Amino acid sequence: MLNHYHRDEVFIAGGQPTVTYVERDELDIERGLARAIAAPNQIVSLAGPSKSGKTVLCRRVLGEREYVWIDGGQINDSHSFWQRVCNELDIPDAVEKTSQKEYMVKIEGSLCVTAGGSHINKKCETHKKINGMSDALKEMIFRKIILVIDDFHYIKDEFRVDIVRSLKGAVFQGLKVILLSVTHRTFDAIKAESELTGRFSSIQLPPWSIGDLIKIAMRGFNVLKVLYDDDFVTTVAKEAQENPFLMQTFCWEMCFDIGIEEIGPFSSYTTLKSSYDLDQLFIRIANDAGLPRYQQLAAGPQSRKIREKRPLRVGGVADIYQVILMAIARTGPLAVITYEELRTSINEILSDRIPQKHEITSALKHLSNISHGAGLESAIDWNEENRSVTIADPYLRFYLRWQIRNRKLQLSNIKN
């Protein structure tokens, strides 16, 4: 059978790639995850940078095995978690079953009794409560169904504790559980339940190398009959924030722009010229993917007070939340920034009215809370203990690089 390839089935951002799946065999990641899943009585944590392919890897390793997949971003509390599990298993969730039976009874107050005396026909109800959580756990253990919780870090702290504690006994009985989270939240399960120590296996998914990102482009372009320059593809890979999703997006967009859609065995080759305008591509993708995240953060928390506007060296003014985002952008942006690095960057942005230490840390806490409350937990995460800011969201970093750092600051980005 002659092979035909469609652009949408080759470069897949946010889906399960096949042609452009890169195994990264030198890291032994697939085998390591398979070994952890096979080990008995363990909760497996698969952690890595946001959008780094954790879901793709997990589904590939699980293969044809039966599993229940729960998205942590859709969990509001413990009850909603078990509701979703029960729905996936097609079993009732914490309902009461009512049955009726007719008796000859004597009425004494409001009670149904089977005693002598004046009798009438009466239907008495009996109730049986179904424990959805208990039934779900029994079902998964019996059928050897694996429970996968994606974006485990999105679940609020108190509900993570409840969920992990309810799973502990089932894990001892053979339930296999996989938790997917961003790197800096790897040990949230241990923090939620200290008794899991010794029953917790952690697999770390490293950031993508430039070489592995290049392989995505090479494999896809080769089957789509796209001729390209090696240096050009390397330049694209360097801008992908160590992230396969962005690399897949870049390649799809370039194929669209040069008219590549479906390729058959007799299709001719198309050249991706090095003169292709990458800057415009990056600016457009940054705006599409990162602008909503940036706007939520730049707006800051709701406040009755008018925020102080601070003068910028390039002209114009900005409040402390906008200044912090500009300072983060000025670092590269880096995925992890120390407080000292951030403060130095702030000093280089402002011409006057440099914020005090407590003002900066307070603003970082607010930005972190905004991220958590808006379901953008990997956007800004301020760690008070080690005094560092983590920006795990590659789309936010990409936006800060191409809409804030690499372009001349425009006053339209700042609320005067």
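Shown above is the structure to which this text applies.
Each chain has its residues counted from 1, running along the sequence as written. With pLDDT at 70 or above as the cut-off, local features in this predicted model cover only qualifying residues; side-chain atom pairs require 80 or more to be listed or tallied, and sums for whole chains, interfaces and linings still use all residues. Where side-chain values are given, they derive from all heavy atoms of the structure, hydrogens and water being excluded.

S.K.: Looking at this model, I keep getting lost on the packing of helix α8 (residues 210-223) against helix α9 (residues 230-238). Mind explaining?
M.R.: For any two helices packed against each other, the geometry is given by the interaxial angle and the distance between the axes. To get an axis, fit a line to the C-alpha atoms, keeping to the stretch in contact for a helix; angles then go from 0 to 180 degrees between the N-to-C directions. Strands here are runs of E lasting at least two residues and helices are runs of H or I lasting at least four, both read from the DSSP assignment and numbered beginning at the N terminus. Following both chains from N to C, one finds α8 and α9 inclined at 125 degrees, their axes separated by 9 Å at the closest point. On the basis of their axis angle, the class for α8 and α9 is oblique. Considering the relative orientation of α8 and α9, their crossing is right-handed. Together, Ile 210, Leu 213, Ile 214, Ala 217 and Phe 221 of α8 and Val 233, Thr 234, Ala 237 and Lys 238 of α9 make up the contact between the two elements. Along the lines of polarity and charge, the residues of the contact of α8 with α9 split into seven nonpolar, one polar and one charged. Roughly parallel refers to an angle under 35 degrees, roughly antiparallel to one over 145, roughly perpendicular to one between 65 and 115, and oblique to any angle outside these ranges. Crossing handedness: left-handed means the near helix sits turned counterclockwise from the far one by under a right angle, and right-handed means the same turn made clockwise. Every residue pair with non-hydrogen atoms within 4.5 Å of one another is taken to be in contact. Lys, Arg, Asp and Glu make up the charged group, whereas Ala, Val, Leu, Ile, Met, Phe, Trp, Tyr, Cys and Pro make up the nonpolar group; the residues left over, Gly among them, are polar.

S.K.: For this particular structure, what's the right way to read the packing of helix α10 (residues 244-257) against helix α11 (residues 278-298)?
M.R.: Look at α10 against α11: their axes get within 11 Å of each other, and the N-to-C directions meet at 120 degrees. On the basis of their axis angle, the class for α10 and α11 is oblique. Relative to α11, the crossing made by α10 is right-handed. Packed against α10, whose contacting residues are Leu 246, Thr 249, Phe 250, Glu 253, Met 254 and Asp 257, the element α11 presents Leu 278, Leu 281, Phe 282, Arg 284 and Ile 285 at the interface. Its residues assigned to classes, the contact of α10 with α11 comprises seven nonpolar, one polar and three charged.

S.K.: It is not clear to me how the nonpolar core should be interpreted in this structure. Could you clarify?
M.R.: One broad rule of soluble globular proteins: the nonpolar side chains tend to lie buried together. One finds Phe 221, Leu 224, Met 247, Phe 250 and Met 254 to be the most contacted residues of the largest nonpolar core, which totals 37 residues. Of all the elements in the fold, those that place two or more residues in this core are α8, α9, α10, α11 and α15 (394-405). For this core, the element with the most residues is α10, which contributes seven residues. Residues within four places of Phe 221 in sequence aside, it is in contact with Phe 11, Val 226, Tyr 228, Val 233, Cys 251, Met 254, Cys 255 and Leu 272. We call a set of buried residues a nonpolar core when its members are Ala, Val, Leu, Ile, Met, Phe, Trp, Tyr or Cys and they connect through side-chain atoms within 4.5 Å of each other. Buried means the residue's accessible area, taken with a 1.4 Å probe over protein chains only, is under 20% of the maximum for its type, while exposed means over 50%, and partly exposed covers the values in between. Core analysis: the second largest hydrophobic core is formed by 34 residues, Ala 298, Leu 350, Ile 391 and Ile 404 among them.

S.K.: Can you help me understand the pattern of salt bridges in this one?
M.R.: When charged atoms on two side chains of opposite charge get close, those side chains can pair. Between Lys or Arg on one side and Asp or Glu on the other, a salt bridge is scored when a side-chain nitrogen of the former is within 4 Å of a carboxyl oxygen of the latter. Per the counting criterion, the structure on display carries 16 salt bridges. Across the pair Glu 30 and Arg 60 runs a salt bridge, and its minimum N-O distance is 2.9 Å. Linking Glu 30 in helix α2 (residues 29-38) with Arg 60 in helix α3 (residues 54-62), this pair joins segments that are 30 residues apart in sequence. Owing to a relative accessible area of 22%, Glu 30 belongs among the partly exposed residues under this scheme. In this structure, Arg 284 engages Glu 253 in a salt bridge whose closest nitrogen and oxygen atoms are separated by 3.0 Å. In this pair, Arg 284 is assigned in helix α11 and Glu 253 in helix α10, connecting sequence segments 31 residues apart. Taking the relative accessible area as the measure of exposure, Glu 253 reaches 15% and is therefore buried. One connected set of salt bridges, linked through shared partners, spans Glu 66, Glu 139 and Arg 143.

S.K.: Explanation requested: empty space enclosed by the protein in the structure shown.
M.R.: The probe, sized like a water molecule, is rolled over the atoms to show the empty space still left. Space inside and on the surface of the protein is sampled on a 1 Å grid over the protein atoms alone, with a cavity defined as a set of points where a 1.4 Å probe fits but cannot get out and a pocket as an open set with protein on both sides within 12 Å along at least 5 of 7 lines; lining residues have an atom within 4 Å of a point. Grid points are joined across faces, edges and corners, and a volume is the space filled by probe spheres set on the points. One pass over the structure, following the stated rule, counts one cavity of 30 Å³ or more. Roughly 220 Å³ of internal volume is contained in the largest cavity. Around the largest cavity, the lining is made up of 21 residues, and of these Tyr 21, Val 22, Gly 53, Val 56 and Trp 208 lie nearest the centre. Residue assignment for the lining of the largest cavity shows that the elements contributing at least two residues are α2, α3 and α10. Take the lining of the largest cavity: its biggest share by element is three residues, from α10.

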